[in-house]
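Chains, contacts and geometry: an overview
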Amino acid sequence: MSPDKGGILRKILSSPWTWGIVLLIVIRVLSVQLAFENIPFTNVTNGVFEDGGDGVSYYRITNQILNGDFNYEPHFIGFFIFLAPILKIAGHDASFIEISKLMAWVNGVGLYVMATILVWLLAWHILKSKKLAHVTSAIFLIYPYIFYYLFELFGSGSATLEEFRISRFTQLNFLNVLSDPLSAVLGYASLALLLYIVIRERKLWVYVLTGFLLSFFVITRTQNVFALLLFVPALLILKRYKGFIYFALAGLPLGILQLVANYLSGGSTVASPYSLYYGGELHIQMFSLKYPLRLITYPLDHIPFLLLIEAVLVVLILYGLWKLIKEDKKLGLLVSGHLFFNIVPLLFIESVMRNPRYFLTVIPIVFIISMYSLKSLYLNYDRVKIKPEKIQNQI
């Protein structure tokens, strides 16, 4: 081995990042393996974690596209792009059970590790503390288990809530053949790049990468389109006009691809799998102004203790955002915008309160801002505690 290569290898092996990533991989491998062993109880059957049927649809439609058959219900295609090469590698005769087992490892280890690293970077950027970034990313690693046991300890114990607890645990743990893990990673990466751009003007390739990742994010889940309401105004208000052009051009190809897919599958460039009503004869309204009230009614019906958690989080988030805006206006407003556009519109959708995975894009930001709030409260308490001591010393 040449001296140069030996030096590079020593740097890699001596880097805390190397061992941090190795530790992350080990933790996630252990987590996925335990889930397959039904620890905690996941009701896994033949290596498949229950997801309500969405995984089978993704598997079927991706296979159709690979075979040149576009006769399927319109969908956002980001996850199909991600899943297609995996199906190709697995072989045309790979069953859904085989793909489900494989994707549990791809999502549960690969994407969860990437997500945790990005959460650390976001936390470090906002909290300005490596120690607090470590704590936040550790919380992100274990929060699916907190969710699971919270509902086990304080839930009503009904069969419906039991099914909810198990299926949502596997979804938050990235164990299903679903678009949410990919969407989360793309969302965290896009936001991290936007915050990186805010500090000062960057090279044009950063805008290109941001535009590409954001467009991939947008075409992965329907509600991700709201992210455009944050990124586009932010770049224009910051007067990054040249960067914005590169940002827009980088996102254009995937945007056009989505429009073409809509037209081929649904006969219109704006075709969508969603409508104002669904559920057949049940005629369930998709959107309503009353649905945000479920933030209160759902906990009251199933797990009242959740109301206390919601109240504490709301206070911590509002106080944390207020402090962040006071200390760093640009950063505070961008984080506030990210939370607003990825939470508020979703509250008016019927199925949202039954699917916490819809909020994967903001869950780590909630942790980070809560940590920022606690940090500010601690510093304020410390100042109040120190002042009398200083006065006494002066006397």
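Located above this text is the structure these notes cover.
A brief report on the enclosed structure follows. (Residues numbered from 1 in each chain as written. Predicted model: local features only at pLDDT ≥ 70, side-chain atom pairs only at ≥ 80, totals over all residues. Heavy atoms only, no water.)

**Considerations on the overall build of the chain**
How we decide: The way it works is that DSSP assigns letters per residue, a run of H or I at least four long becomes a helix, a run of E at least two long becomes a strand, and they are numbered from the N terminus. Burial classes: relative accessible area under 20% of the type maximum marks a residue as buried, over 50% as exposed, and values in between as partly exposed (1.4 Å probe, protein chains only). Only the protein chains shown count as cover for residues, with accessible areas throughout obtained via the Shrake-Rupley method and a probe of 1.4 Å. Only four residue types enter the charge count, namely Lys and Arg as positive and Asp and Glu as negative; His and the chain termini do not. Note on charges: their place is set at NZ of Lys, CZ of Arg, CG of Asp or CD of Glu.
Looking only at helices and strands, one finds 15 helices and 2 strands in the chain. Based on the C-alpha atoms only, the size of the chain along its principal axes is roughly 85 × 60 × 45 Å. Residues classed as buried in the chain amount to 48% of the 395 residues present. Surface accessibility of the chain: about 20600 Å² in total, with carbon and sulfur atoms responsible for 69%. Of note, the chain has its 32 positive side-chain charges centred 17 Å away from the centre of its 22 negative side-chain charges.

**Describing the nonpolar core**
Here is the rule: What we call a nonpolar core is a set of buried Ala, Val, Leu, Ile, Met, Phe, Trp, Tyr and Cys residues that are connected through their side-chain atoms within 4.5 Å. What makes two residues a contact is simply this: any of their non-hydrogen atoms within 4.5 Å.
Judged by nonpolar contacts, the single largest core of 104 residues is most densely connected at Ile126, Tyr188, Val335, Leu339 and Ile369. Element by element, the count of residues in this core is highest for helix H5 (residues 96-127), at 17 residues. In this structure Ile369 touches Ile126, Leu316, Ile317, Gly320, Leu321, Leu324, Val335 and Leu339, once residues within four positions along its chain are discounted.

**Brief notes about unusual backbone geometry**
In the segment running from Ile39 into Pro40, the intervening peptide bond is cis, with an omega of -10°. Relative to the assigned elements, Pro40 resides in the loop between helix H2 (16-36) and helix H3 (54-66). You will see that Lys128, though not glycine, has its phi angle at about 60°, which is positive. With respect to the helices, strands and loops of the structure, Lys128 is situated in the loop between H5 and helix H6 (130-154). Of the residues examined, Lys128 reaches a relative accessible area of 56% and is grouped as exposed.

**So, empty space enclosed by the protein**
Test applied: Of the two site types, the cavity is a set of points on a 1 Å grid over the protein atoms alone where a 1.4 Å probe fits but cannot get out, and the pocket is an open set with protein on both sides within 12 Å along at least five of seven lines, each lined by residues with an atom within 4 Å of a point. Grid points are joined across faces, edges and corners, and a volume is the space filled by probe spheres set on the points. Residues are grouped as follows: Ala, Val, Leu, Ile, Met, Phe, Trp, Tyr, Cys and Pro are nonpolar; Asp, Glu, Lys and Arg are charged; all remaining types, including Gly, are polar.
By the definition in use, this model includes 2 cavities of 30 Å³ or more. Each pocket or cavity is described by its volume, and for the largest cavity that value is around 60 Å³. Around the largest cavity sit Gly187, Ser190, Leu214, Phe217, Ala227, Leu230, Phe231, Gly337, His338, Phe341, Asn342 and Thr361, which together line it. At the level of elements, helix H8 (180-199), helix H9 (204-218), helix H10 (228-237) and helix H14 (329-343) are the ones that each hand at least two residues to the lining of the largest cavity. Here the lining of the largest cavity takes 4 residues from H14, the largest share from any one element. In the lining of the largest cavity, the residues fall into 6 nonpolar, 6 polar and no charged. Put simply, the second largest cavity is a space of about 40 Å³.

**Here's the deal with the pattern of salt bridges**
Cut-off, in case you're wondering: By definition here, a salt bridge exists when the distance from a side-chain nitrogen of Lys or Arg to a carboxyl oxygen of Asp or Glu is within 4 Å.
Taken as a whole, this structure holds 8 salt bridges when the rule is applied. Here Asp54 ties to Arg357 by a salt bridge, and the two come within 3.2 Å at their closest N and O atoms. One end of the pair, Asp54, is in helix H3; the other, Arg357, is in the loop between H14 and helix H15 (363-394), and 303 residues separate them in sequence. A relative accessible area of 33% places Asp54 in the partly exposed class.

**Quick notes on the packing of aromatic side chains**
The criterion, for reference: Geometry of aromatic contacts follows a simple scheme: Phe, Tyr and Trp rings, the Trp one being its six-membered ring, pair when their centres are within 6.5 Å, and the pair is stacked under 30 degrees between planes, edge-to-face over 60, tilted otherwise. Whether a charge lies above a ring is judged from NZ of Lys or CZ of Arg, which has to be within 6 Å of the ring centre and within 35 degrees of the ring normal.
Taken as a whole and assessed by the stated rule, the structure comprises 24 aromatic pairs. Ring geometry for Phe151 and Phe164: centres 5.4 Å apart, planes at 50°, overall tilted. You can see Phe151 sitting in helix H6 and its partner Phe164 sitting in helix H7 (residues 159-172), a full 13 residues away along the chain. For the pair Phe151 and Phe164, a shared accessibility class is recorded, and that class is buried. Three or more aromatic residues link up through ring pairs in this structure, and these residues are Tyr112, Phe140, Tyr143, Phe174, Tyr188 and Phe367. Above the face of the Tyr112 ring, Arg28 is positioned so that its terminal group lies 3.8 Å from the ring centre. The side chain of Arg202 reaches across the aromatic face of Tyr196, ending 3.6 Å from its centre.

**Re the side chain of Ser336**
Counted only if it meets this: In protein, a polar contact requires one atom able to donate a hydrogen and another able to accept it; more generally it is a pair of N or O atoms within 3.5 Å, and residues adjacent in sequence count only if both atoms are side-chain atoms.
Relative to the helices and strands, Ser336 is located in helix H14. With relative accessibility at 19%, the residue Ser336 sits in the buried group. Within polar-contact distance, the side chain of Ser336 engages the backbone oxygen of Gly332 at 2.7 Å. Setting aside its immediate chain neighbours within four residues, Ser336 contacts Leu321 and Ile325.

**A word on a nonpolar patch on the surface**
Cut-off, in case you're wondering: Candidate patch residues must exceed 30% relative accessible area and have no salt bridge, after which like charges are joined if within 9 Å and Val, Leu, Ile, Met, Phe, Trp or Tyr side chains if within 5 Å.
Where nonpolar side chains cluster on the molecular surface, the patch consists of Phe70, Val208, Ile245, Tyr246, Leu249, Leu252, Ile256, Val260, Tyr263 and Leu264 and spans about 920 Å² of accessible area. A per-element tally of the nonpolar patch places helix H11 (residues 241-266) first, with 8 residues. The class for Ile245 is partly exposed, based on a relative accessible area of 49%.

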